Amino acid sequence: HVMKALFELNPQVFFTDSIIAKLTLTKHRGDCREAIQLNDTYYIEQHMSSKAKLDRLKLILTTLDFADELFIKYSKELIPLAALTQ
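Here the structure is a predicted model, which means the values were calculated and not measured.

This part is about the pattern of salt bridges. Throughout the structure, instances matching the rule amount to one salt bridge. Residue K51 pairs with D55 through a salt bridge whose shortest N-O separation is 2.9 Å. Of the two residues, K51 and D55 both sit in helix α3 (residues 50-63), four residues apart, roughly one turn of that helix. A relative accessible area of 55% places K51 in the exposed class.

Encoded structure:
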C-alpha cells in the first residue's frame, strides 16, 4: 500500500495536525471502519471514496515534495496525480 510505504519513508510527516485529521491516523484499529496498518502502532482509514483517497495521497505527496513523481495508470494512459485532483 502506498501510504504504508510513505509512512515508512518519512513517518514524522504523518504527525502534523492537518495530516492527522485528514488521514484519521490512530493507534486503535477499531477507530476505523476499514483500517490499514501502517506499522506496529498506527492505523489509517481506507474506507472512503476514490476522490478522498486521491486527495489525501496528494496531501502527503505534496508535503513530502513528491507530488510530481506519481503517475496513475488510468485506462491506457498515464495521468499525473495533480491532473486528477484539480
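From this point, the narrative continues.
Here we take up the side chain of T26. Structurally, T26 can be placed in the loop between α2 (17-23) and β1 (35-37). A relative accessible area of 9% means that T26 is categorised as buried. Within the structure, the side chain of T26 is placed 3.1 Å from the backbone nitrogen of H28, a separation counted as a polar contact. Ignoring any residue separated from it by four or fewer positions in sequence, one finds T26 in contact with D31, C32, T41, Y42 and Y43.

Between its terminal C-alpha atoms α3 stretches 20 Å, which fits the 20 Å expected from 14 residues at 1.5 Å a residue. Looking at α3, one finds that the buried residues are R56, L57, I60 and L61. One side of α3 holds all its buried residues, which, seen down the axis, span an arc of 135°. Positive backbone phi, approximately 65°, marks D65, located one or two places after α3.

Quick notes on the rules
Residues numbered from 1 in each chain as written. Predicted model: local features only at pLDDT ≥ 70, side-chain atom pairs only at ≥ 80, totals over all residues. Heavy atoms only, no water. Salt bridge = Lys/Arg side-chain N within 4 Å of Asp/Glu carboxyl O. Helix = DSSP H or I, 4+ residues; strand = E, 2+ residues; numbered from the N terminus. Buried < 20%, exposed > 50% of the residue type's maximum accessible area, 1.4 Å probe, protein only. Polar contact = N/O pair within 3.5 Å; in protein donor to acceptor, adjacent residues only side chain to side chain. Contact = heavy atoms within 4.5 Å. Expected span 1.5 Å × (residues − 1). Arc of directions from axis to C-beta.

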